[in-house]
Each structure stands twice: as structure tokens, then as C-alpha cells.
Amino acid sequence: MAQRYGGKYSPDTNTPDPHSTPETGPIPAHRRPVARHPEENRPFWITLAAVPFLLGAFGEGPFALIRALAAFGLIAGAAWTIREGLRAEFAYVARAVARRPAFPRKILGSIAFGLGLAVGAQAPEVGLIGSIAIGALGTVISLVAFGLDPLKNKGMDGVDAFQQERVERVVKEGEAYLSSMRSAIAPSGERALIERVARFEASARDLFRVVQEDPGDLATARRYMTVYLEGARDATVKFADLWRTTRDAQARTDYEALLSDLEANFNARTKKMLEDGRDGLDVEIEVLRDRLAREGLATAPKQG
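Nothing here was measured: the structure is a model prediction, and the numbers come from that model. Residue numbers here run from 1 along each chain, matching the order of that chain's written sequence. Only residues with pLDDT of 70 or above have their local features reported here, since the model is predicted, and side-chain atom pairs are shown and tallied only from 80 upward, although totals for entire chains, interfaces and linings are computed over all residues. Only hydrogens and water are removed before side-chain values are computed, so all heavy atoms of the structure are retained for them.

Caption draft 1: Expanded view of the packing of aromatic side chains. Only Phe, Tyr and Trp rings are paired, with Trp represented by its six-membered ring, and only when their centres lie within 6.5 Å; those with planes under 30 degrees apart are stacked, over 60 edge-to-face, the remainder tilted. Under the criterion given, the structure shown has six aromatic pairs. Taking 5.3 Å as the distance between ring centres and 75° as the angle between the ring planes, the aromatic pair formed by F44 and W45 counts as edge-to-face. Buried residues are those whose accessible area, probed at 1.4 Å on protein chains only, stays under 20% of the maximum for their type, while exposed residues exceed 50% and partly exposed ones sit between those limits. For W45, a relative accessible area of 55% puts it in the exposed group. A ring pair is formed by Y224 and F266, whose centres lie 5.5 Å apart and whose planes are at 90°; its orientation type is edge-to-face.

Caption draft 2: Structural context of the packing of helix α1 (residues 42-49) against helix α3 (residues 62-94). Interaxial angles span 0 to 180 degrees and are taken between N-to-C directions of axes, which are lines fitted to C-alpha atoms, for helices over the stretch in contact. In DSSP terms, a helix is any run of H or I states spanning at least four residues, a strand is any run of E spanning at least two, and both are numbered starting from the N terminus. Running from amino to carboxyl end, α1 crosses α3 at an angle of 180°, the nearest separation of the two axes being 9 Å. Between α1 and α3, the interaxial angle falls into the category roughly antiparallel. Where α1 approaches α3, its residues P43, I46 and T47 are matched on the opposing element by F72, I75, A76, A79, I82, R83 and L86. In this count, Pro and Cys sit with the nonpolar residues alongside Ala, Val, Leu, Ile, Met, Phe, Trp and Tyr, while Asp, Glu, Lys and Arg are called charged and the others, Gly among them, polar. A per-class count over the contact of α1 with α3 returns eight nonpolar, one polar and one charged. Geometric relationships in this document are graded by angle, where less than 35 degrees denotes roughly parallel, more than 145 denotes roughly antiparallel, 65 to 115 denotes roughly perpendicular, and other angles denote oblique. Between two residues, a contact is recorded if the distance between any of their heavy atoms is within 4.5 Å.

Caption draft 3: Highlighting the side chain of R252. Examined against the element boundaries, R252 turns out to sit in helix α9 (residues 249-294). Excluding anything up to four places from it in sequence, R252 contacts E190, A192, L193, F239 and W243.

Caption draft 4: Examining the pattern of salt bridges more closely. For salt bridges, the criterion is a side-chain nitrogen of Lys or Arg within 4 Å of an Asp or Glu carboxyl oxygen. A complete count under the given rule lists 15 salt bridges for this structure. Linking E40 and R87 is a salt bridge whose minimum nitrogen-to-oxygen distance equals 2.9 Å. In this pair, E40 is assigned in the loop between β2 (25-26) and α1 and R87 in helix α3, connecting sequence segments 47 residues apart. By relative accessible area, R87 is classed as partly exposed at 36%. We note a salt bridge from E201 to R205, for which the minimum N-O separation is 3.2 Å. In this pair, E201 and R205 both sit in helix α7 (residues 191-213), four residues apart, roughly one turn of the helix. Using a relative accessible area of 12% as the deciding quantity, one classes R205 as buried. Residues joined in a network through salt bridges with shared partners are E40, R83, E84 and R87.

Caption draft 5: Molecular detail of the nonpolar core. Take the buried residues of types Ala, Val, Leu, Ile, Met, Phe, Trp, Tyr and Cys, join any two whose side-chain atoms come within 4.5 Å, and each joined set is a nonpolar core. Membership of the largest hydrophobic core comes to 29 residues, with the highest contact counts inside it found for M181, F200, M225, L229 and Y255. Looking at this core, the elements with two or more residues in it are α6 (161-185), α7, α8 (218-246) and α9. Excluding residues within four positions of it along the chain, F200 makes contact with L178, M181, L229, A232, L259, L262, E263 and F266. If you look at the next biggest cluster of nonpolar residues, it comprises 11 residues, including I46, F72, A79 and A112.

In C-alpha cells:
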């Protein structure tokens with residue numbers, strides 16, 4: 001991200017960081033709507049490297065044409081699959097509680113990449129064994145370059161599977177509302193509005209993460225994740241349409257005030273759930289201490 005430098009010719013040296021809030025400080029990368037896996041663009045170069053297969057596909061007869069097109073198709077499909085695997089991995093890493101991806105996309109993409117190389121390498125001077133060796137080597141290189149997919153669930157020990165599925169459905173619905181808000185406000189071209197919506201998204205995702213870590217909180221948070229977010233989406237769409245045609249300053253003020261109120265409510269609900277969880281832990285600790293004391297196993301507290 002570009003950094004603004006202060007000085008004589010700087011228009012505004014006090015502009016706040018769009019990825020920071022006074023209440024929470026810097027927003028972690030995984031909470032930003034534009035955050036992506038750092039290697040997400042790398043598969044593009046795999047597709048680009050396969051272009052010579054297309055250039056050599058013509059003039060060599062129908063079998064060479066089919067082989068070249070198949071090789072390019074497999075490699076391009078592999079690049080797309082690996083990219084989707086990187087996105088799934090990024091979402092998995094960003095969550096404290098997450099299921100492993102349903103399909104190991106990076107592994108499947110690496111296999112498809114190897115098959116594409118094997119098909120494209122077929123030639124009399126290479127032979128079948130040589131083609132298989134090239135394909136196997138390409139698969140290994142891809143796996144080393146992009147790694148394996150997450151192969152096990154994370155943070156779900158003792159979590160009710162049915163309840164977790166309910167949480168994931170509600171989170172998916174909430175993410176859809178946030179995505180619609182982002183899509184509606186983006187055409188306005190107003191950076192301040194876009195960043196304001198992004199900050200609200202960060203607050204909503206904080207709530208999502210708390211519920212994902214403790215699915216028992218879904219009952220108290222569901223209205224925020226569905227009803228309130230649906231209302232925010234509808235308000236954003238209506239404001240974006242009005243702003244595009246009228247540039248009504250009062251409508252903008254009212255919309256930003258609405259986002260501020262919603263953000264405050266989301267932050268308050270998130271804080272309340274965290275405090276309730278801490279209170280519950282304190283009660284469990286006290287109960288455990290009492291039990292240990294009755295059984296004569298309690299240790300004397302350290303003197304500070």
C-alpha cells in the first residue's frame with residue numbers, strides 16, 4: 001500500500017490510514033475485503049508459459065492440433081484450479097475455526113499441470129516414458145511451489161458439527177450481503193465512501209469470527225449477521241443509486257451516520273460476546289479451584 005508523506009506540498013498530512021480505526025488500531029490483512037493470498041497471481045504465469053503450445057498447434061496435422069490444444073487446456077485449467085486452491089487456503093488460514101477445503105484444489109491442479117505437460121511433451125524423440133517423467137516432474141514442482149491444501153479441520157475439537165454448519169451458512173449469507181455492499185458502493189468512485197464501507201465490513205467480520213470460534217453465540221448474533229446486514233445492503237444500494245444521480249450531500253451524511261451506528265452496534269455485540277465468554281471461563285476456573293481445594297489438591301497462591 002502506498003504511504004503518504006507529509007510536507008509542504010502534501011494536501012492533507014493527517015489523513016487516517018484506511019486500514020486502521022481509532023478503536024481497534026490497524027486492521028489485520030485477513031479482515032480487509034481486498035486481501036488476497038500473496039501467491040494468487042502466480043498461476044497466471046503458468047498459463048502464459050503454455051501459450052507456445054497454441055502457437056505450435058497449427059500446420060502439423062489434426063493429431064498435433066488436438067494434442068497441443070489438450071495440453072494448453074489442461075495447463076490453463078490447472079492454473080485456475082491452483083488459484084482457487086490458494087484462495088480457499090487463505091480463507092482457511094484467516095479463520096480460527098475452519099473446515100478443510102472440500103476438494104484439494106492445489107493438489108488436483110498440480111496433477112492436471114503434470115498431465116498437461118505429459119500430453120504436450122509427446123513426440124517420437126521423447127517417447128511415452130519420457131512424457132510420463134516430464135509430467136511427474138511438473139507435478140512435483142507445482143506441489144513444491146504452491147504447497148499442499150489444508151487436509152484437516154482446524155479448531156473444531158469438541159464443536160458440534162451441526163451447529164458449526166449452521167454458523168457457516170449464516171456467515172456465508174452475511175458475506176454475501178457485505179459483497180453486495182462493496183459492489184454497490186464501488187462505482188461511486190468516492191474513496192472515502194469505499195473505505196467507510198470497508199471499515200464496517202471489518203467490524204462485521206470480527207463478529208463473524210467470534211461466532212465461528214464459539215457457535216453457541218449464533219443465537220444472539222444471528223440478527224446482526226442476517227437482518228441488520230440485509231438492511232445495510234439495501235440502504236447501500238439505495239444510497240448508491242441516489243448518489244449517482246443527485247450527489248445529495250445530506251443523503252451521504254445520513255448514510256455515513258447509519259454505517260457509524262451499525263458499526264458501533266456490531267462492535268458492542270462483539271465485545272459483549274467476548275466478555276461473556278471470559279466470564280464463563282472465570283466461573284469454570286473458580287469451580288475447578290473449589291473442587292481442588294475440597295480434594296486437598298489446591299496450591300497456595302504465589303505472593304507477589
